Amino acid sequence: MFGTIILLWICVVFVILQLKSRRPKNFPPGPPILPILGNILNISLENPLKDFERLRKSYGNVYSLYMGPKPAVVINGMEAMKAAMVYKANDFAGRPQDLFINETTQRKGVILADYGPGWKEHRRFALMTLRNFGMGKNSMEDRIYGEIKYVIRQLETSIGKPFSPQLMFHNAASNIICQVLFGRRFEYDDNFIKVIVGCFTENAKIANGPWAMLYDSLPMIRGLPLPFNKAFKNVEKLAKGLLVEHKKTRVPGDPRDFVDCYMDELDKRGEDPASFSEEQLRMFALDLHFAGTDTTSNTILTGFLYLSTYPHIQERCQQEIDSALEGKDRASFDDRHNMPYMQAVIHEVQRVANTVPLSVFHCTTKDTELMGYSLPKGTLVIPNLGSVLNEEGQWKFPNEFNPENFLNDKREFFKPEAFMPFSAGPRMCLGESLARMELFLILVTLLRKFKFSWPEDAGEPNYAPVYGVTLTPKPYNMIVTLRDSQ
Ligand code: HEM
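Residues numbered from 1 in each chain as written. Predicted model: local features only at pLDDT ≥ 70, side-chain atom pairs only at ≥ 80, totals over all residues.

A.B. asks: Can you walk me through the overall build of the protein in this structure?
C.D. replies: In terms of regular secondary structure, the protein is built from 17 helices and nine strands. Computed over C-alpha atoms, the radius of gyration of the protein comes to 24 Å, within 12% of the 23 Å expected from 2.2 N^0.38 for 486 residues, which places it in the range of a compact globule. If one aligns the C-alpha atoms of the protein with their principal axes, the spans along those axes are about 90 × 55 × 40 Å. Burial status across the protein gives 41% buried among its 486 residues. (Helix = DSSP H or I, 4+ residues; strand = E, 2+ residues; numbered from the N terminus. Rg over C-alpha atoms; globule rule 2.2 N^0.38 Å. Buried ≥ 20, exposed ≤ 12 C-beta atoms within 10 Å, placed from the backbone.)

Laid out in structure tokens, this is it:
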């Protein structure tokens, strides 16, 4: 009798859960949903990209997956991506607020802020401040060149021997954004930067791994002492001493960098700061450092992986650089207009690098429709940017590294609509202009001075990246030599 009651009770709970996790009416299709687990067994938590592609073949460009009890809609291909991010920009510009990652940032900063006045104010402020740096006496180009000098120095000490560029490019990208934020660079073994990078690397790993997925899927485990708690402690550690030095040395009204500009803005706002605050600034600075480091450095690393294994493409770049910069000390960003091939190569590197493969997750801000499906307000949206960057029909050569993807019949540079590594719409990358300037100046300056080759004993290059919030090439060595003309 007792056994029968228990069995009956289990059946009732099972039926309730089944009903609860059924897709809403006219919701995008997807694989059958398991009680409690949803679809987490349908995708690899270590690297879901192949599974996303497989599901796209079965269910089309817009499909849904349940992360435990929580539905998510995956958007694939250019047509659906533009329909959501551009044509219905306001409906799709939210950020989910109840994920592990929101807990780690204490819901501050800009990347994960929900679509609303606070996000808008901060985004506008950041864009304006970054633009003003471009015009000041210490221009953005100067800040980037300041760091390129260190990269050159390091490469010069590595001439002729196998050299792993991973740490060097990571530190360079970190230092460029530090120049913008804090007005200074840091030695590669500086404790301040080591702590920031260490905590972020660890948090990115946790945020991208199975523990965060379980945290998001199973609310009942959130209070337990499990490995995800380390991420919360890391952020506390980071935020602590971040502004101490700056507050001591700043001269109000004479800003040296982004942090000073923000503090001036806080002074200006006085009693009525709206969404601006010191806590916001702390997370904002960490956001920008995080967003601007791995993205740029992994793209550059991918660039040198391809350039050192496609020597004919490298040589064509160098010929173009030599002739476009003849008689000039250094390249400026404006020189890109005289370098169609180099532009094509950089864009092709970004296309194959697919650096932020699933963008940053979005969320619907109201009940809306996409490609004939209904999505309720608050639906988690995963933009599969990689599915656009290699979409058949959008590219001349979707599955190979080929700069011809960005050259027209007249050998001029052109940018196909499906080029979306920075995403699209109102949430698209805030640092796009800085990133593009960095990629151009670093690649052009280094290719002008050095030749990069694949070591003879290194075997076949492996282009398959390591999955993470950003995709990273597997560690590799290259051989650096000075070019004959230098
Ligand atoms: C090659 C380098 C980079 C790539 C591929 C890249 C890509 C992206 C992508 C895909 C997004 C998500 C957009 C969306 O949600 O729709 C994003 C957001 C963002 N990026 Fe970048 N990014 C790069 C460099 C940078 C740099 C250098 C900065 C720093 C200034 C930066 C700051 C940001 C910020 C703050 C956001 C959040 C924007 C918002 O939510 O409004 N990124 N980026």
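A.B. asks: Help me out: how do you make sense of the environment of Ala-173 in this one?
C.D. replies: In this structure, Ala-173 sits in helix α7 (residues 166–182). According to the C-beta neighbour criterion, Ala-173 is buried, with 25 such atoms within 10 Å. Between the C-alpha atom of Ala-173 and that of Tyr-341, which follows or precedes it by 168 residues, the distance is 24 Å. In contact with Ala-173, not counting residues within four places along its chain, are Gly-292, Thr-293, Thr-296 and Ser-297. (Contact = placed C-beta atoms within 7 Å.)

A.B. asks: In this structure, what is going on with the nonpolar core? I would like to understand it.
C.D. replies: Soluble globular proteins tend to pack their nonpolar side chains together in the buried interior. Counting 122 residues, the largest nonpolar core has Ile-75, Met-81 and Leu-181 as the members making the most contacts within it. It is helix α13 (residues 278–309) that contributes the most residues to this core, 14 residues altogether. In this view, Met-81 contacts Ile-75, Pro-383, Val-388, Met-420 and Ala-424; residues no more than four positions away in its chain are not counted. (Core = buried A, V, L, I, M, F, W, Y, C linked by C-beta atoms within 7 Å.)

A.B. asks: Is there a simple way to explain the sheet that holds strand β1 (residues 62–67) in this structure?
C.D. replies: Whether parallel or antiparallel, the strands of a sheet pair through hydrogen bonds between backbone atoms. Spatial ordering of the open sheet is given by β1-β2-β7-β4, a layout of four strands whose pairing is mixed. Strand pairing shows two members of the sheet lacking a second neighbour, β1 and β4 (362–363), which therefore form its edges. Strand direction decides the pairing type here: β4 and strand β7 (residues 380–383), joined by two bridges, are antiparallel. Across the sheet, the residue bridging to Cys-363 is Leu-380, located in β7. (Pairing = 2+ DSSP bridges.)

Any functional reading would require information that these geometric values do not contain.
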